[in-house]
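What follows is the residue order along each chain.
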Amino acid sequence: MFAGLIMILTLFQYESPRYLIKRGQDEKATRVMSHIRNLPMDHEYVVREITAIQAAHQEELEATMGAGPIGILKEMFLIPSNLYRLYLTLMAQILSQWSGAGSITLYAPDLFSLLGITGDEESLLVTAIFGIVKLVAAIICALFLVDVIGRKRSLLIGISLQAISMIYVAGFLTAVPELGVVDDYHLLQSKKGASRGAIAMIYISGFGWALGWNSMQYLLTAELFPLRIRALATSLAMTFHFANQYGNSRAVPNMLLPTGDGGISPKGTFWFFAVVTVIGGLWVWVSVPETAGRTLESMDRLFALPWYRIGLYGNRDAAERDLVLDAAAGKQVEAEVGTAEHVEVQGDSSRV
């Protein structure tokens, strides 16, 4: 149903201005940009954006001298800044998939039963509520929070919520190691409160997932790459995404098995998720720059620093460079306007 809606709505979408410029349709690209920004085609903002896209596309062509597929591969793997972007997207796919949130969604009825929910109807009800919580959280985060808070900050907050949740659930299963290991084990009444807390933490992890990895693994992949290698790089990243998703979905049932049966037990599984989530948070803090509010053409300025400084200082350095470039562009515009006015006055004088 959703795939059908997306297919129908795609027919009413405008083509990307960057793609149109890549195809040599500059006038159509300007028309589309004018519609997107709700400004006239000759407005300064529209002209500046189109000019920036054209300049970036020309630089990419000159850098590869118009080479074909081999040139694209060389640009993606041999240029350090592009290789770092590819590293960011692939690591984001690994850390997001193995943080456990996808597994909770996939095996929700079994995991809720593991945490003390008894009866098929109750298990399905709790699972349905979890699905609603994730859907509402995803909509709220995508429409209202991600662009306001910023990419990196949203990711760190979401990962923090997810880490707290995973640590609580892992601690609960450590305190009651018989759950999921001993057949026909019934949770003691004194542990019911902690069990309900673990279920609440699963819901919180769903919200953290919606705010963090679930949004960012796609946004970062879409925003990081320059135009020329964007299609191939994002395709590679999404292939990696689904490969990890498949591997995770096959591994988790075996991980949940008792250690005597070759697994790492439920508590070991959730401790594994907790550790991966914490590692993911540290990695994001050190390695991932803030990309909110940046055009694809200005993204190169984020990666001008050495790789080990990009996540911590890349955005600040890029902002300083932006100020310098904006000031230079402003002076250039003033000079061009002054020259045009001078020529116009001279023309009027000659006619007199």
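Let me sum up the structure you'll find in this document. (Residues numbered from 1 in each chain as written. Predicted model: local features only at pLDDT ≥ 70, side-chain atom pairs only at ≥ 80, totals over all residues. Heavy atoms only, no water.)

Looking now at the side chain of Ser249. Its place among the elements puts Ser249 in helix α13 (residues 227-255). Classification of Ser249 as buried rests on a relative accessible area of 16%. A distance of 2.7 Å separates a polar atom in the side chain of Ser249 from the backbone oxygen of Tyr246. The residues contacting Ser249, other than those within four sequence positions of it, are Leu106 and Tyr107. (Helix = DSSP H or I, 4+ residues; strand = E, 2+ residues; numbered from the N terminus. Buried < 20%, exposed > 50% of the residue type's maximum accessible area, 1.4 Å probe, protein only. Polar contact = N/O pair within 3.5 Å; in protein donor to acceptor, adjacent residues only side chain to side chain. Contact = heavy atoms within 4.5 Å.)

Attention shifts here to the nonpolar core. With 34 residues, the main nonpolar core has Leu88, Leu155, Trp213, Trp283, Val284 and Phe303 as its most contacted residues. Taken together, the elements giving at least two residues each to this core come down to α5 (69-78), α6 (80-97), α9 (120-149), α10 (151-175), α11 (192-211), α12 (213-223), α13 and α14 (265-287). The element best represented in this core is α6, accounting for 6 residues. In contact with Leu88, other than residues within four places in its own chain, are Leu224, Trp283, Ser287, Val288, Pro289 and Phe303. In terms of nonpolar packing, the next biggest core, distinct from the first, is built from 28 residues, Leu114, Ala198, Tyr203 and Phe270 among them. (Core = buried A, V, L, I, M, F, W, Y, C linked by side-chain atoms within 4.5 Å.)

The next subject is the packing of aromatic side chains. In this structure the tally under the stated criterion is 9 aromatic pairs. Aromatic side chains Tyr84 and Tyr87 sit 5.5 Å apart centroid to centroid with 50° between the ring planes, which places their arrangement in the tilted category. Pair noted here: Tyr84 and Tyr87 are both in helix α6, with a separation of 3 residues, about one helical turn. Geometrically, the ring pair formed by Phe270 and Phe273 is edge-to-face, given 5.8 Å between the ring centres and 80° between the ring planes. With Phe270 and Phe273 both in helix α14 and 3 residues apart, the pair spans about one turn of that helix. For the pair formed by Phe270 and Phe273, the shared burial category is buried. A connected cluster of aromatic rings, assembled from ring pairs, spans Tyr84, Tyr87, Trp283 and Phe303. (Phe/Tyr/Trp six-rings, centres within 6.5 Å; stacked < 30°, edge-to-face > 60°.)

Positionally, Ser96 belongs in helix α6. If near-sequence neighbours (up to four positions away) are discounted, Ser96 is found in contact with Trp209, Trp213 and Gln217.

To continue, consider the packing of α10 against α14. Packed helices, taken two at a time, are described by the angle between their axes plus the distance between the axes. At a minimum axis separation of 8 Å, α10 and α14 run at an interaxial angle of 160°. Classified by the angle their axes make, α10 and α14 are roughly antiparallel. As α10 runs across α14, the sense of the crossing is left-handed. In terms of residue class, the contact of α10 with α14 is built from 17 nonpolar, 6 polar and 2 charged. (Axes fitted to C-alpha atoms, helices over the stretch in contact; angles between N-to-C directions. Parallel < 35°, antiparallel > 145°, perpendicular 65-115°, else oblique. Left-handed = near helix turned anticlockwise from the far one by under 90°. Nonpolar A, V, L, I, M, F, W, Y, C, P; charged D, E, K, R; others polar.)

In this section: the environment of Ile117. Here Ile117 is to be found in the loop between α8 (108-114) and α9. Each C-alpha atom, one on Ile117 and one on Lys192, is 9.7 Å from the other, the two residues being 75 residues apart in sequence. Here Ile117 is in contact with Phe112, Glu122, Ser123, Val126, Arg196 and Ile199, once residues within four sequence places are set aside.

In this section: the pattern of salt bridges. The tally for this structure, following the rule as stated, stands at 4 salt bridges. Across the pair Arg48 and Glu44 runs a salt bridge, and its minimum N-O distance is 3.4 Å. Taken together, the residues Arg48 and Glu44, both in helix α4 (residues 44-64) and 4 residues apart, mark about one turn of the helix. Note that Glu223 is salt-bridged to Arg151, the shortest N-O span being 2.6 Å. In this pair, Glu223 sits in helix α12 while Arg151 sits in helix α10, placing the two residues 72 residues apart along the sequence. Overall, Arg151 belongs to the buried group, its relative accessible area being 8%. (Salt bridge = Lys/Arg side-chain N within 4 Å of Asp/Glu carboxyl O.)

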